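Notes for the structure review
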Amino acid sequence: MFRRREAVPFAFVAEADRFRSNVVPPVPERPSASQVLGRSLIGLTVVAGLVGSLLFGLPALDPGNTTGKAQQSEASEGR
């Protein structure tokens, strides 16, 4: 018999070295056409939202967009 290099607290862990299973895991099911279509639509919606937010947000980030005058509220104009 050979000796293990480290102590194993449970007997079933020690026996696991010699155990080989002949059970094959099941083949994963292929997604149906409606599942593929739904996932595609969700992905397109997310991408469209990101592109839309980028398009609406870029003008606000443009450093050359300042007109040079300070912003004032409408309430302060009538003074």
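Residues numbered from 1 in each chain as written. Predicted model: local features only at pLDDT ≥ 70, side-chain atom pairs only at ≥ 80, totals over all residues. Heavy atoms only, no water.

**Notes on the overall build of the protein chain**
Helices and strands together make up the secondary structure of the protein chain, namely 2 helices and 0 strands. Relative to its 79 residues, the protein chain shows a buried fraction of 0%. With an accessible surface of roughly 8,400 Å², the protein chain has 62% of that area assigned to carbon and sulfur atoms. (Helix = DSSP H or I, 4+ residues; strand = E, 2+ residues; numbered from the N terminus. Buried < 20%, exposed > 50% of the residue type's maximum accessible area, 1.4 Å probe, protein only. Areas by Shrake-Rupley, 256 points an atom, 1.4 Å probe, with all protein chains shown as cover.)

**Regarding a nonpolar patch on the surface**
A cluster of nonpolar side chains, namely Leu37, Leu41 and Leu44, defines an oily patch on the protein surface of about 320 Å² accessible area. Looking at the element boundaries, leucine 41 is found in helix α2 (residues 33-61). Relative accessible area serves as the criterion here: at 48%, leucine 41 is assigned to the partly exposed category. (Patch = residues over 30% accessible without salt bridge, like charges linked within 9 Å, V, L, I, M, F, W, Y side chains within 5 Å. Salt bridge = Lys/Arg side-chain N within 4 Å of Asp/Glu carboxyl O.)

**Looking at the environment of serine 32**
Tracing the backbone through its elements, the reader meets serine 32 in the loop between α1 (11-15) and α2. One polar contact links serine 32 to serine 34, side chain to side chain, over a distance of 3.2 Å. (Polar contact = N/O pair within 3.5 Å; in protein donor to acceptor, adjacent residues only side chain to side chain.)

Treat this as a map of the structure, not an account of what it does.
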